[in-house]
Every structure is written in C-alpha cells, then in structure tokens.
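Take a look at the letters that make up each chain.
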Amino acid sequence: MANIDDWFAKRTYRHHDFADIERLVELKRERGLTVSVCLPTLNTADTVGPILRTFRTELVERFPLIDQLAVIDSHSTDGTIEICEAEGGQVFFDDELAPEVEPATGKGEALWKSLFVLEGDIICWVDSDIENIHPRFAYGLIGPLLTDPDIAYVKAFYERPIKSEGVLHPGGGGRVTELTVRPILNLFYPDLAGFIQPLSGEYAGRREVLQSVPFFTGYGVETGLLLDIYGRYGLDSLAQVDLEVRIHHNQPLPSLSKMSFGIMQAVFSRLESDGKLALNAEPRTVYNTIERTDGDYAIRQVPVSVVERPPALTMSSYEKRGE
Ligand SMILES: Nc1nc2c(ncn2[C@@H]2O[C@H](COP(=O)(O)OP(=O)(O)O)[C@@H](O)[C@H]2O)c(=O)[nH]1
Ligand SMILES: [Mg+2]
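Rules and cut-offs
Residues numbered from 1 in each chain as written. Chains lettered and ligands numbered in written order. Predicted model: local features only at pLDDT ≥ 70, side-chain atom pairs only at ≥ 80, totals over all residues. Core = buried A, V, L, I, M, F, W, Y, C linked by C-beta atoms within 7 Å. Buried ≥ 20, exposed ≤ 12 C-beta atoms within 10 Å, placed from the backbone. Helix = DSSP H or I, 4+ residues; strand = E, 2+ residues; numbered from the N terminus. Contact = placed C-beta atoms within 7 Å. Pairing = 2+ DSSP bridges. Axes fitted to C-alpha atoms, helices over the stretch in contact; angles between N-to-C directions. Near = placed C-beta within 6 Å. Nonpolar A, V, L, I, M, F, W, Y, C, P; charged D, E, K, R; others polar. Expected span 1.5 Å × (residues − 1).

Undergrad: Could you clarify how one ought to interpret the nonpolar core in this entry?
TA: Across soluble globular proteins, nonpolar side chains show a tendency to be buried alongside one another. Residues Cys124, Ala138 and Ile142 are the most contacted members of the largest nonpolar core, which totals 82 residues. Residue contributions to this core peak at seven residues, all from helix α6 (residues 136–147). The residues touching Ala138, leaving out its near neighbours within four places in the chain, are Val37, Phe55, Leu59, Ile66, Cys124 and Val126.

Undergrad: For this particular structure, what's the right way to read the sheet that holds strand β9 (residues 203–206)?
TA: Within a sheet, adjacent strands bond to each other through the backbone by hydrogen bonds, running parallel or antiparallel. The mixed open sheet is built from eight strands, whose spatial order is β1-β11-β6-β9-β5-β2-β3-β4. In this open sheet, the two strands that pair with only one neighbour each are β1 (12–14) and β4 (90–93). Neighbour-to-neighbour, the strand axes of the sheet open up by a mean angle of 25°, direction not taken into account.

Undergrad: Sorry, what's going on with unusual backbone geometry here?
TA: Excluding glycine, a negative phi dihedral is what most residues carry, and trans is how most peptide bonds are arranged. We note that Asn43 has phi near 55°; this positive angle belongs to a residue other than glycine. Here Asn43 lies in the loop between β2 (35–41) and α3 (48–62). Here Asn43 falls in the partly exposed class, since 16 other C-beta atoms lie within 10 Å of it.

Undergrad: Help me understand the site of ligand 1, please; the structure alone is not making it clear to me.
TA: The environment of ligand 1 is formed by 19 residues, the closest being Pro40, Leu42, Ser74, Ala110 and Ser128. For the shell around ligand 1, the elements supplying multiple residues, two or more each, are β2, β3 (68–73) and α5 (107–114). When the residues that make up the shell around ligand 1 are grouped by side-chain class, the tally is four nonpolar, ten polar and five charged.

Undergrad: Before we go on, may I ask you to explain helix α9 (residues 221–233) in this structure?
TA: An α-helical turn contains 3.6 residues, so a residue and the one three or four places further along point in the same direction. End to end, α9 covers 17 Å across 13 residues, agreeing with the expected 18 Å (1.5 Å per residue, within 8%). α9 sits mainly inside the fold: ten of its 13 residues count as buried. Taken as a whole, α9 has its buried residues at Val221, Glu222, Thr223, Gly224, Leu225, Leu226, Leu227, Asp228, Ile229 and Tyr233. Immediately downstream of α9, the backbone of Gly234 shows phi near 90°, a positive value.

Here is the structure:
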C-alpha cells in the first residue's frame, strides 16, 4: 500500500458498520468460523460482572455471535473469580497452562496462555476494567474479520477521558500511548503511526495469525503484537475500529512510568531483532521508582522483566490441546 493515508482511509472502521449483528452471525456461519471472547482479569470485581453479562445476554443468548466466553485470571483475590463463574464465563488460570515453560507474570503472559484454551477461529480479547461496557466492544472488533478475509487483526480506538477525583475530563487518558508508544512508532515504524490507540486493550485476530507470532509478557504485549503482525502479514492486514469512548481505571503516574519501562523493553528487543537498532548494552530490568512520603524522597527498586514467549504453534502443549 502506498502510504498510511491510504491505509487509514481503507482500514479505519466505525462500530456502526457492524451493528447488524444478525448479519454477522450469518457471515460467521457462511464462512464456517467460530468466535472466542476472552477477558484478562486481575482483581476487577467491580467491572467484570456487567461486561460478561452484557456479552452473554446480547452476543451469546440473543444473537449467537460468541461461541466461547472466557476469562484468563491470575488468581484474583477480590471476588472476581466467583463473579465470572456466576456470569457464565469459563475461568482459566494462566499458571496452570503451558506447563513446559517457567511461569511468568503480567497481562501478556495471561493472553498468550489463553491461546492454549480458546477454541475459536477468531479470538477477541477485551479488558475487564471497562466501566462503560456495550456489546460494540466485542462485535465492533469481530465485525471486520468476518466481513473481510484480508484482515488479520483489528484494534479498538476511542476517546479516553481521564478520571480525576471522580470527575471525567475529555481526552486526558492514554498518557503512555502519546508519550511513549506513538513517538516510538513514528521514529521506527511510521507505517503504524496511523493507529489512534496502539495500546488499546481490546483487539481481535485470526487464530492462524495469533498462534504464529511471539507474545511479550506484561504490558509490552499490545506493542509487540502490532509490530509482529505488521512484520509478518503487512499493513493491509491490520485494521482499527472506532468504539467511541472507553472509561476504565486510570492508573497513577508512577504505575504508568513502570508500564512504559516494560513496553520499552519489548520495543528495544524488537528494534534489535528487526535490524533497526544495534544495542551495545543489555537493557536493565529493574525500575527505580521514586516515592515521596511525609516530605521525604526514597528510591524503591522494582523488577519489571519482560519475557518473549515463542509463537504458541511451536509449543507441544499447544499442539496437544483439546486432546
Ligand atoms: N490475568 C491477568 N490480567 C491482567 C494482569 N495485569 C493486567 N491484567 C488485566 O489486563 C487489563 C488491562 O490492565 P490494566 O492494568 O487496566 O492496564 P491499562 O488499561 O493499560 O492501564 C485489565 O483487565 C487487567 O485486569 C495479569 O497479570 N494477569
Ligand atoms: Mg485499564
């Protein structure tokens, strides 16, 4: 494709384009495909119930678009698991899957492990801390994959208001997106600079694609998937869809700083393996957070280590799944 303007015009969708869910169900049947939707959960008891209920009542029971509704949990302790079971979500624990690897932690680890138990030809992940849930968060992402066989991977975008002292401020969210990820994409992967929310936590892809790429553990997973699916399948296989507005739990700045550190580990690793940068030093994996209590400053060292998981397809327990 000539340039990102062309891509942007061709591959940017709106959720309204896919609001005829009956038609999507028909397309799914015609093409002989199945769909799994999975939520990564870690202590999201306040929000996960309505998300599962919305998807179950609208997209499983009313319109049979979703064939498998699941969560991948990392041993939540706040009642999340019980809520998921009560709302009809299949619950899996990441540390019980792919026993041939040393367990790691974080969101990316959970998503990679979920591939071992998700059965759909189309897999859609949706963050479990969304406060303004609507069925579009699933059908908006699944729609483009059912409609156009050339599309491999679809990412959500939206406005991201930020909540401060209980008040919503428009457009203030997405700090790591604007201050870390979009600048890096513009520097080294300008084809991907048209992604409005490269870090969005809601995306869907075809199994043959997702099983064939590595996953970074932690918060590097979104950036890694974008770079690797682009590298392997090309810009035209990627799409984005407007889901209007997403409200979620805004993390405090020190947590976002750590998040950026993890994402940058993934990016530097990929820059090196893509031959775009030669590193003469091994990136560090300990983050020095600065804490201030009672007017005093202190440094606390926090390990943030990002592991690159190989494509699921190369794992023996993936091959043997479902047996
Ligand atoms: N299973 C699992 N889910 C996680 C983990 N870390 C984050 N999540 C989930 O991944 C989603 C995104 O994480 P969040 O902390 O909200 O990141 P942010 O939206 O980028 O600020 C949420 O639904 C979390 O519950 C983890 O270690 N394990
Ligand atoms: Mg969140």
